[in-house]
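Coordinate inspection notes
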Amino acid sequence: MSEQATQAQVDEVLDVLAEFMDETMIALDVGSDLEADLEHGAGMVRIDLDGDRDDIALLIGKRGQTLDAIQYVANA
């Protein structure tokens, strides 16, 4: 995000990303207890995952390939 982004624009992007992560977790059938918290800072969005280790491992994937794909789609 550029430095010129307003807080409303940042909040809108975070809402879209939160919905994307919710839909992604549903599609991957990870546990409903898995929680993704989004934070914005230094021009980047950070997603903090909290929940069952097996569900987090599924979201990361073998050698991080699933996570890479999720990041790619999120950036698109």
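Just so it is clear, the model here is predicted, and its values are computed rather than measured. (Residues numbered from 1 in each chain as written. Predicted model: local features only at pLDDT ≥ 70, side-chain atom pairs only at ≥ 80, totals over all residues. Heavy atoms only, no water.)

What follows concerns the packing of helix α2 (residues 53-60) against helix α3 (residues 65-75). The axes of two packed helices give the description: the angle between them and the distance between them. Viewed as axis vectors pointing N to C, α2 and α3 meet at an angle of 65 degrees, and their least axial separation amounts to 5 Å. Mapping the contact onto sequence places Leu58, Leu59 and Ile60 in α2 and Gln65, Thr66, Leu67 and Ile70 in α3. Partitioned by chemical class, the residues of the contact of α2 with α3 number five nonpolar, two polar and no charged. (Axes fitted to C-alpha atoms, helices over the stretch in contact; angles between N-to-C directions. Helix = DSSP H or I, 4+ residues; strand = E, 2+ residues; numbered from the N terminus. Contact = heavy atoms within 4.5 Å. Nonpolar A, V, L, I, M, F, W, Y, C, P; charged D, E, K, R; others polar.)

Here we take up the packing of helix α1 (residues 7-27) against α3. Axis separation between α1 and α3 bottoms out at 11 Å; the angle between their running directions is 145 degrees. The chirality of how α1 crosses α3 is right-handed. Touching Leu17, Phe20, Met21 and Thr24 of α1 are Ile70, Val73 and Ala74, all from α3. Here the contact of α1 with α3 is built from residues that sort into six nonpolar, one polar and no charged. (Left-handed = near helix turned anticlockwise from the far one by under 90°.)

Moving on: the environment of Met21. The topology assignment puts Met21 in helix α1. Look at Met21 and you get buried, because its relative accessible area is 5%. Sequence-wise, Met21 and Ala74 are 53 residues apart; in three dimensions their C-alpha atoms are separated by 8.8 Å. Leave out the neighbours within four places in its chain, and Met21 touches Ala36, Ile47, Leu59 and Ile70. (Buried < 20%, exposed > 50% of the residue type's maximum accessible area, 1.4 Å probe, protein only.)

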